[in-house]
Amino acid sequence: IFFVSSTSGKMSEKQRARELMEQKKKREAEEAKKIRKHNVAMLRRDKYVRENDENWKSGVSAACMKSGNGIETFRDRHGE
(Lines give C-alpha, C1' and ligand atoms only; values in the text may rest on other atoms or scores of the structure.)
Protein backbone atom coordinates (compact mmCIF):
# COMPACT_ATOMS: atom_id res chain seq x y z
CA ILE A 1 0.00 0.00 0.00
CA PHE A 2 1.32 3.40 -0.94
CA PHE A 3 0.65 6.29 1.41
CA VAL A 4 1.22 9.91 0.55
CA SER A 5 2.35 11.97 3.49
CA SER A 6 1.01 15.46 4.02
CA THR A 7 4.47 16.96 3.43
CA SER A 8 5.04 15.44 -0.02
CA GLY A 9 2.32 17.30 -1.87
CA LYS A 10 -1.38 17.83 -2.33
CA MET A 11 -3.77 15.39 -0.78
CA SER A 12 -7.45 15.02 -1.43
CA GLU A 13 -9.93 15.48 1.40
CA LYS A 14 -10.50 11.74 1.43
CA GLN A 15 -6.78 11.03 1.81
CA ARG A 16 -6.46 13.62 4.56
CA ALA A 17 -9.46 12.20 6.40
CA ARG A 18 -8.06 8.68 6.09
CA GLU A 19 -4.69 9.80 7.43
CA LEU A 20 -6.32 11.63 10.35
CA MET A 21 -8.40 8.57 11.20
CA GLU A 22 -5.30 6.37 11.15
CA GLN A 23 -3.48 8.79 13.43
CA LYS A 24 -6.48 8.88 15.77
CA LYS A 25 -6.65 5.06 15.91
CA LYS A 26 -2.93 4.90 16.60
CA ARG A 27 -3.21 7.45 19.43
CA GLU A 28 -6.17 5.59 20.95
CA ALA A 29 -4.31 2.27 20.76
CA GLU A 30 -1.26 3.77 22.48
CA GLU A 31 -3.47 5.32 25.17
CA ALA A 32 -5.26 2.00 25.74
CA LYS A 33 -1.90 0.24 25.99
CA LYS A 34 -0.72 2.78 28.57
CA ILE A 35 -3.90 2.35 30.61
CA ARG A 36 -3.60 -1.46 30.52
CA LYS A 37 0.02 -1.21 31.64
CA HIS A 38 -1.01 1.03 34.55
CA ASN A 39 -3.83 -1.34 35.56
CA VAL A 40 -1.53 -4.38 35.49
CA ALA A 41 0.98 -2.56 37.71
CA MET A 42 -1.80 -1.59 40.12
CA LEU A 43 -3.07 -5.19 40.28
CA ARG A 44 0.47 -6.44 40.98
CA ARG A 45 0.83 -3.95 43.85
CA ASP A 46 -2.54 -4.98 45.26
CA LYS A 47 -1.64 -8.66 45.03
CA TYR A 48 1.66 -8.03 46.82
CA VAL A 49 -0.13 -6.16 49.60
CA ARG A 50 -2.73 -8.92 50.01
CA GLU A 51 -0.02 -11.56 50.26
CA ASN A 52 2.39 -9.66 52.54
CA ASP A 53 0.29 -7.41 54.78
CA GLU A 54 -0.62 -9.18 58.01
CA ASN A 55 -3.44 -6.68 58.67
CA TRP A 56 -5.19 -7.31 55.35
CA LYS A 57 -8.21 -9.57 55.45
CA SER A 58 -10.88 -10.45 52.97
CA GLY A 59 -14.37 -9.45 53.83
CA VAL A 60 -17.34 -7.31 52.98
CA SER A 61 -16.47 -4.08 51.21
CA ALA A 62 -17.01 -0.76 52.96
CA ALA A 63 -19.90 0.06 50.60
CA CYS A 64 -21.78 -3.09 51.62
CA MET A 65 -21.05 -2.47 55.27
CA LYS A 66 -22.46 1.04 55.01
CA SER A 67 -25.69 0.02 53.30
CA GLY A 68 -26.15 -3.08 55.40
CA ASN A 69 -26.96 -5.21 52.36
CA GLY A 70 -24.71 -7.60 50.52
CA ILE A 71 -24.31 -7.51 46.78
CA GLU A 72 -27.15 -9.49 45.27
CA THR A 73 -26.89 -11.38 42.04
CA PHE A 74 -29.68 -11.70 39.50
CA ARG A 75 -30.52 -15.14 40.87
CA ASP A 76 -30.63 -13.79 44.42
CA ARG A 77 -33.21 -11.20 43.41
CA HIS A 78 -35.35 -13.21 40.98
CA GLY A 79 -34.76 -16.83 41.87
CA GLU A 80 -33.70 -19.47 39.41
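These numbers were taken from a predicted model, which means no experiment stands behind them.

**Brief notes about the overall build of the protein**
Point 1. Helix and strand content of the protein: three helices and zero strands.
Point 2. Evaluated residue by residue, the protein yields a buried proportion of 2% over its 80 residues.
Point 3. Total accessible area computed for the protein in this model is approximately 8,200 Å², and 55% of it derives from carbon and sulfur atoms.

**Overview of a nonpolar patch on the surface**
Point 1. Nonpolar side chains collect at one region of the surface, where Tyr 48, Val 49 and Trp 56 lie side by side and expose about 330 Å² of accessible area between them.
Point 2. You can see Val 49 is positioned in helix H1 (residues 13-52).
Point 3. With a relative accessible area of 39%, Val 49 lands in the partly exposed category.

**Brief notes about the confidence of the model for the protein**
Point 1. Confidence in the prediction of the protein, expressed as mean pLDDT, is 82, and 74% of residues score 70 or more.
Point 2. When pLDDT is averaged over each helix and strand of the protein, the minimum, 64, is found for helix H2 (residues 62-67) and the maximum, 95, for H1.

Calculation notes
- Residues numbered from 1 in each chain as written.
- Predicted model: local features only at pLDDT ≥ 70, side-chain atom pairs only at ≥ 80, totals over all residues.
- Heavy atoms only, no water.
- Helix = DSSP H or I, 4+ residues; strand = E, 2+ residues; numbered from the N terminus.
- Buried < 20%, exposed > 50% of the residue type's maximum accessible area, 1.4 Å probe, protein only.
- Areas by Shrake-Rupley, 256 points an atom, 1.4 Å probe, with all protein chains shown as cover.
- Patch = residues over 30% accessible without salt bridge, like charges linked within 9 Å, V, L, I, M, F, W, Y side chains within 5 Å.
- Salt bridge = Lys/Arg side-chain N within 4 Å of Asp/Glu carboxyl O.
- pLDDT = per-residue confidence, 0-100.

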